[in-house]
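Examining the three-dimensional arrangement
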Amino acid sequence: MKKLLMIADDLATAERQLEKVKVFAPEQVHTVAIHQGESPGNLETDLKDLGQQVIPDADNSSEVIVASQSKDLLHRLGELVEQKAPELIVIASEDLSDAIDITLYKEVLRKTQAALLICTDRPWKEHPHILASIDLGDEDEVRMDLNKTVLFTARTLKETLEGSLSAVSVISMKAITKELDLIEPAEVVIKHGPERLEKLKEFLSFHGAEDCKSKISAGSPSQQIADAARQMKADLTVMGNVGRKGLQGFVLGNTAEKTLTNVRGDLLVVRTVESK
């Protein structure tokens, strides 16, 4: 992830994000500040100077987008995605608190397969805990390749940051099953958990992560991933998303989009496209 597009509302947000993304050793960082109303003075220069201070080895650039309407902002962000071809887009979690903002970012993400990092205002611990979400419910080639990418990314971050690593795999339960109390999540874990745990450990061991802590849960994947992140006090959760090509495809997919609103720590979504 050498080419980053970072969206920040102000210098304080930009600094928090830069301190986190420097772990990726980016070669190019373009920081965008979105501003309503008149141009905010020297913000563009200040953003570039801040980038050079925090990540001096990167080619830092910045700009301020002054837009009074969402369509103007969408147009400029779309242009940036095409021009910069980022491998990672970074936004603040508070920018996802408004339905309009969510719709806006979803439209921008349609234009790229870049990974997405959602940053909270919480700093990472000195030795952060990384949680990898491994989807073993449908072991097709595309998803298994994505699982490998998730684990590789999480392991790399863990080693670079000298942190710790855990993995969670959720046995998905249809909402209707839970609502009708046909079966409890605990019963699913008792019945199917050992088999899923064995699969997870085999996957982790095969890819050199046999020392990784493992957790199996059942229920809504988005809620269970968020619960696991909270219980394990994860600083960063890494998960994958398989989208589909064309107008019928999800931008992030149901699980990823719902996890965005549930997880309390930072979330990194690595993405791929499934041809259909």
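In this report, we go over the structure that sits alongside the text. Small disclaimer: the values here were computed from a predicted structure and weren't measured.

With that settled, the discussion passes to the overall build of the protein. Helices and strands together make up the secondary structure of the protein, namely nine helices and 10 strands. When each of the 276 residues of the protein is scored for burial, the buried share is 47%. The contacts of the protein with a sequence gap of at least 6 include a subset with a gap of at least 24, amounting to 78%.

Close contact between helix α1 (residues 11-21) and helix α2 (residues 43-54) brings their axes to 10 Å; oriented N to C, the two are set at 25°. Taken as axis vectors, α1 and α2 run roughly parallel relative to one another. Relative to α2, the crossing made by α1 is right-handed. Contacts between α1 and α2 involve Leu-11, Ala-14, Glu-15, Leu-18 and Glu-19 from the first element and Leu-43, Asp-46, Leu-47, Leu-50, Gly-51 and Val-54 from the second. Among the residues making up the contact of α1 with α2, the classes are represented as seven nonpolar, one polar and three charged.

Quick look at the pattern of salt bridges now. Summed over all chains, the structure comprises 10 salt bridges. Here Asp-235 makes a salt bridge to Lys-125, at a shortest N to O gap of 2.7 Å. Of the two residues, Asp-235 is situated in the loop between α8 (221-231) and β9 (236-244) and Lys-125 in the loop between β5 (115-119) and β6 (129-133); the sequence distance between them amounts to 110 residues. Note on Asp-235: relative accessible area 10%, which makes it buried. Arg-230 is the partner of Asp-227 in a salt bridge, and the nearest nitrogen-oxygen pair spans 2.6 Å. Within this pair, Asp-227 and its partner Arg-230 are both found in helix α8, separated by three residues, close to a single helical turn. When its relative accessible area of 40% is taken as the criterion, Arg-230 is described as partly exposed. Overlapping salt bridges bring together Glu-63, Arg-76 and Glu-79 as one network.

Ranked by size, the top nonpolar core spans 51 residues in total, and within it Leu-117, Ile-134 and Leu-268 carry the most contacts. With seven residues, the single largest contributor to this core is helix α5 (residues 141-161). Sequence-distant contacts of Leu-268, that is, excluding residues within four places in its chain, are made with Phe-24, Leu-88, Ala-115, Leu-116, Leu-117, Thr-153, Leu-157, Leu-236, Thr-237, Val-238 and Met-239. Of all hydrophobic cores here, the second largest spans 28 residues; its members include Ile-34, Ile-65, Leu-131 and Ala-226.

As a further point, take unusual backbone geometry. Here Ala-25, not a glycine, exhibits a phi torsion of approximately 50°, which is positive. With relative accessibility at 43%, the residue Ala-25 sits in the partly exposed group. If you check the backbone angles, Lys-233 has positive phi at about 55° while not being a glycine. Among the secondary structure elements, Lys-233 is positioned in the loop between α8 and β9.

What follows deals with the pairing of β5. On a regular strand, each side chain points to the face opposite its neighbour's, so the side chains alternate between the two faces of the sheet. In terms of residue burial, β5 counts as a mostly covered element, since five of its five residues are buried. Burial of the side chains of β5 extends over both faces: Ala-115, Leu-117 and Cys-119 are buried on one face and Leu-116 and Ile-118 on the other. Direction of pairing for strand β4 (residues 88-92) relative to β5: parallel, over a ladder of five bridges. Within the sheet, the bridge partner assigned to Val-90 lies in β5 and is Leu-117.

Attention now goes to helix α7 (residues 185-206). Most pronounced at His-192, the bend in α7 amounts to some 60°, and the proline Pro-194 follows within four residues. Within the sequence span of α7, burial applies to Val-188, Gly-193, Arg-196, Leu-200, Phe-203 and Leu-204. Elements in contact with the buried residues of α7: α5, β7 (164-172) and β8 (213-219). Among the residues trailing α7, Gly-208 stands out with phi positive, at a value near 75°.

Calculation notes
- Residues numbered from 1 in each chain as written.
- Predicted model: local features only at pLDDT ≥ 70, side-chain atom pairs only at ≥ 80, totals over all residues.
- Heavy atoms only, no water.
- Helix = DSSP H or I, 4+ residues; strand = E, 2+ residues; numbered from the N terminus.
- Buried < 20%, exposed > 50% of the residue type's maximum accessible area, 1.4 Å probe, protein only.
- Contact = heavy atoms within 4.5 Å.
- Axes fitted to C-alpha atoms, helices over the stretch in contact; angles between N-to-C directions.
- Parallel < 35°, antiparallel > 145°, perpendicular 65-115°, else oblique.
- Left-handed = near helix turned anticlockwise from the far one by under 90°.
- Nonpolar A, V, L, I, M, F, W, Y, C, P; charged D, E, K, R; others polar.
- Salt bridge = Lys/Arg side-chain N within 4 Å of Asp/Glu carboxyl O.
- Core = buried A, V, L, I, M, F, W, Y, C linked by side-chain atoms within 4.5 Å.
- Pairing = 2+ DSSP bridges.
- Bend = angle between axes of the 7 residues up to and from the residue.

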